[in-house]
Amino acid sequence: MLTEQELTAGATDEAIRRIVREELDQAAHHDTGAKHAAIIASKGTLDWAYPPLILATTAAASGMDTSIFFTFYGLNIVHKDFERKLKVSAIGNPAMPMPVPMPTFVTGLPGMGPLATGMMKSMFRGKHVATIAELLESAQDLGVRLVACQMTMDVFGYAQEDFLPGVEFGGAAAFLADASKAHVTLFV
Amino acid sequence: MLTEQELTAGATDEAIRRIVREELDQAAHHDTGAKHAAIIASKGTLDWAYPPLILATTAAASGMDTSIFFTFYGLNIVHKDFERKLKVSAIGNPAMPMPVPMPTFVTGLPGMGPLATGMMKSMFRGKHVATIAELLESAQDLGVRLVACQMTMDVFGYAQEDFLPGVEFGGAAAFLADASKAHVTLFV
Amino acid sequence: MLTEQELTAGATDEAIRRIVREELDQAAHHDTGAKHAAIIASKGTLDWAYPPLILATTAAASGMDTSIFFTFYGLNIVHKDFERKLKVSAIGNPAMPMPVPMPTFVTGLPGMGPLATGMMKSMFRGKHVATIAELLESAQDLGVRLVACQMTMDVFGYAQEDFLPGVEFGGAAAFLADASKAHVTLFV
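Residues numbered from 1 in each chain as written. Chains lettered and ligands numbered in written order. Predicted model: local features only at pLDDT ≥ 70, side-chain atom pairs only at ≥ 80, totals over all residues. Heavy atoms only, no water.

**Focus: the pairing of strand β1 (residues 36–41) of chain B**
Residues and elements named next belong to chain B.
Piece 1. Counted residue by residue, β1 has six buried out of six residues, so it is predominantly covered.
Piece 2. Side-chain alternation along β1 places H36, A38 and I40 on one buried face and A37, I39 and A41 on a second face that is also buried.
Piece 3. Pairing analysis gives six bridges linking β1 to strand β2 (residues 65–70), with the strands arranged parallel. Its bridge partner being in β2, A38 is matched across the sheet by S67.
Piece 4. In the sheet, β1 pairs with strand β5 (residues 184–187) via four bridges, with the strands oriented parallel. Within β5, the residue paired with A38 across the bridge is T185. (Buried < 20%, exposed > 50% of the residue type's maximum accessible area, 1.4 Å probe, protein only. Helix = DSSP H or I, 4+ residues; strand = E, 2+ residues; numbered from the N terminus. Pairing = 2+ DSSP bridges.)

**Considerations on the environment of A:R125**
Piece 1. Assignment of secondary structure puts A:R125 in helix α7 (residues 112–126).
Piece 2. The sequence separation of A:R125 and A:V147 amounts to 22 residues, and the corresponding C-alpha distance is 27 Å.

**Overview of the nonpolar core**
Piece 1. Formed by 174 residues in total, the largest nonpolar core has its most connected members in A:I132 and B:I132.
Piece 2. The next biggest cluster of nonpolar side chains, apart from the first, holds 12 residues, and it includes B:V20, B:L24, C:I16 and C:V20. (Core = buried A, V, L, I, M, F, W, Y, C linked by side-chain atoms within 4.5 Å.)

**Examining the sheet that holds strand β4 (residues 168–170) of chain C**
Residue and element names in this part refer to chain C.
Piece 1. Ordered in space as β4-β3-β2-β1-β5, the five strands form an open sheet in which the pairing is parallel. One side of each edge strand has no neighbouring strand; the edge strands of this open sheet are β4 and β5 (184–187). Along the sheet, successive strands turn relative to each other by an average axial angle of 20°, direction set aside. (Axes fitted to C-alpha atoms, helices over the stretch in contact; angles between N-to-C directions.)

**A word on the sheet that holds β2(B)**
All names here are of chain B.
Piece 1. Strand order across the open sheet formed by five strands is β4-β3-β2-β1-β5, with parallel pairing between neighbours. The open sheet has two edge strands with one neighbour each: β4 (168–170) and β5. Averaged over all pairs of adjacent strands, the angle between their axes in this sheet comes to 20°, without regard to strand direction.
Piece 2. Here helix α3 (residues 46–61) sits on the sheet and contacts β1, β2 and β5; the angle it forms with β2, its principal contact strand, is near 160°. (Contact = heavy atoms within 4.5 Å.)

**Quick word on the side chain of B:T185**
Piece 1. Its location among the elements puts B:T185 in strand β5.
Piece 2. Judged by its relative accessible area of 0%, B:T185 falls in the buried class.
Piece 3. Within the structure, B:T185 has its side chain in polar contact with the backbone oxygen of C:T185 (distance 3.0 Å).
Piece 4. Each residue touching B:T185, except ones within four places of it in the same chain, is listed here: A:T185, B:A38, B:A179, C:H183, C:V184, C:T185 and C:L186. (Polar contact = N/O pair within 3.5 Å; in protein donor to acceptor, adjacent residues only side chain to side chain.)

**A few points about the pattern of salt bridges**
Piece 1. Scanning the model with the defined rule gives nine salt bridges over all chains in all.
Piece 2. Salt-bridge contacts for B:R84 lead to B:D81; the nearest nitrogen and oxygen are separated by 2.8 Å.
Piece 3. Note on B:R84: relative accessible area 55%, which makes it exposed.
Piece 4. The class for B:D81 is partly exposed, based on a relative accessible area of 27%.
Piece 5. Among the ionic pairs, C:E168 bridges to C:R145, the shortest N-O distance being 3.3 Å. With C:E168 in strand β4 and C:R145 in strand β3 (residues 145–149), this pair connects stretches of sequence that are 23 residues apart.
Piece 6. Connected via shared salt-bridge partners are A:R145, A:E168 and A:D178. (Salt bridge = Lys/Arg side-chain N within 4 Å of Asp/Glu carboxyl O.)

**Brief notes about the packing of aromatic side chains**
Piece 1. One pass over the full model with this rule turns up 36 aromatic pairs over all chains.
Piece 2. With a centroid separation of 6.4 Å and 35° between ring planes, the pair formed by A:F72 and B:Y50 is classed as tilted. Pair noted here: A:F72 is in the loop between β2 (65–70) and α4 (75–78) and B:Y50 is in helix α3, and the two residues belong to different chains. The same class applies to A:F72 and to B:Y50, which are both buried.
Piece 3. Relative to C:F124, the ring of C:Y50 lies with its centre 4.0 Å away and its plane at 5°, an arrangement referred to as stacked. With C:Y50 in helix α3 (residues 46–61) and C:F124 in helix α7 (residues 112–126), this residue pair connects regions lying 74 residues apart in the sequence. (Phe/Tyr/Trp six-rings, centres within 6.5 Å; stacked < 30°, edge-to-face > 60°.)

Here it is as structure tokens:
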């Protein structure tokens, strides 16, 4: 509110600046960038399926307008057959915790991939972390947009009907349209 | 525009607030963050060379001021010898689509690396996706700044003349100067 | 400042718009998004420990309010035993520079992991790049907040006392609270 004196005199320079600063403060509180998250999921293994889904569901649960763009190997995550496609490989990742230390060449032997995949699933289940199936369902319930990359679908030979119901289709431009409005933009 | 009554009375508190909101709306439409993209390319394999180049060219084509910062293994992408340096390894990536299923230890045998690299090139070519050479050319035509990380060049023993013409050189501070103005910041 | 004529007449529409634009310009210069960086460190190998620490210390040194969220394999970086846990694997990364070219199956043999790790440490030391220990110390000196992901700590069986002094603990929501204020948000 302008003071009575200001009203009488017409609004002064200083009074106007004060009002502008008040409005800017207001606007900053609904900073739209802070309300959007745009995440790329590009990896197709079980371990790397968790971060985009956990981040997206957490963002959406806190009221952010959230989308995940699945591209390259990340298409596995929203493929109808994701349960079978998402595996882990211990090989090439010395940071992967293994029940017993083993030299790299052993981690490449037949049977070690399924062993590592089973181990990771039971580690997560043991700590009551949601499964990928549950995270996908939560994401959709919370309104997270799941977008499959049309270009890499073509390259890898996938059709739209290969993907989970509710998945949308778009290109890099679709991702950038979302991301250019968002503070949180992550390439997983 | 103020109404005639407002002009006569001097601008009122409410009239000023209305003008401020109009100007804020305007300003939001040229939200400078939305017009900048700063991408880090840190991987040096053929598959991971595509995403930063596709995202950057798409961003630049839509009018965004775009830069890619090539660091660590990502230096391969702007190395003069990128055609030979960019390979794929099927090993350690169970998400990599293979023509026939094969156990992990087979993917490590001599000859499998070149096979996977050739296969990926032909998959992309078959779908008329631009090659890395074409994407690099488009990026430069569209004004994408290509910056090689000076520190990792030193560590890996590269000289400036090892890189493609037009590549600039800078450090993490150069990337952050760009990224701190951009909504779209991605680490690939 | 309004001109004398404007003061006499009461502030006009145009004069107010000019003031608003001046204030907006000012506000853009202390764009709070430009002053925050929120980085996720999710990889647990020696090579991928460098980028989040180098980016974070550079950001903090330039006055940005910076945090790193360590999750999944990235927990290794702030584990008390990080010196032993951070290794590199040449396997599965054909972009890793090796002293002599070697077929993939050789990089998987016992002894090649330690060789690659030692080689990388000496490459960085030779170029006077700070060690991980030094980067962690700088980060803390510069006020970078180091946050370990509570959920993945539980999954991997870590306790709070397994981590370096000064490390905080939080979840994805803690990361998003920081990231939603920041232009620079990176998933390493």
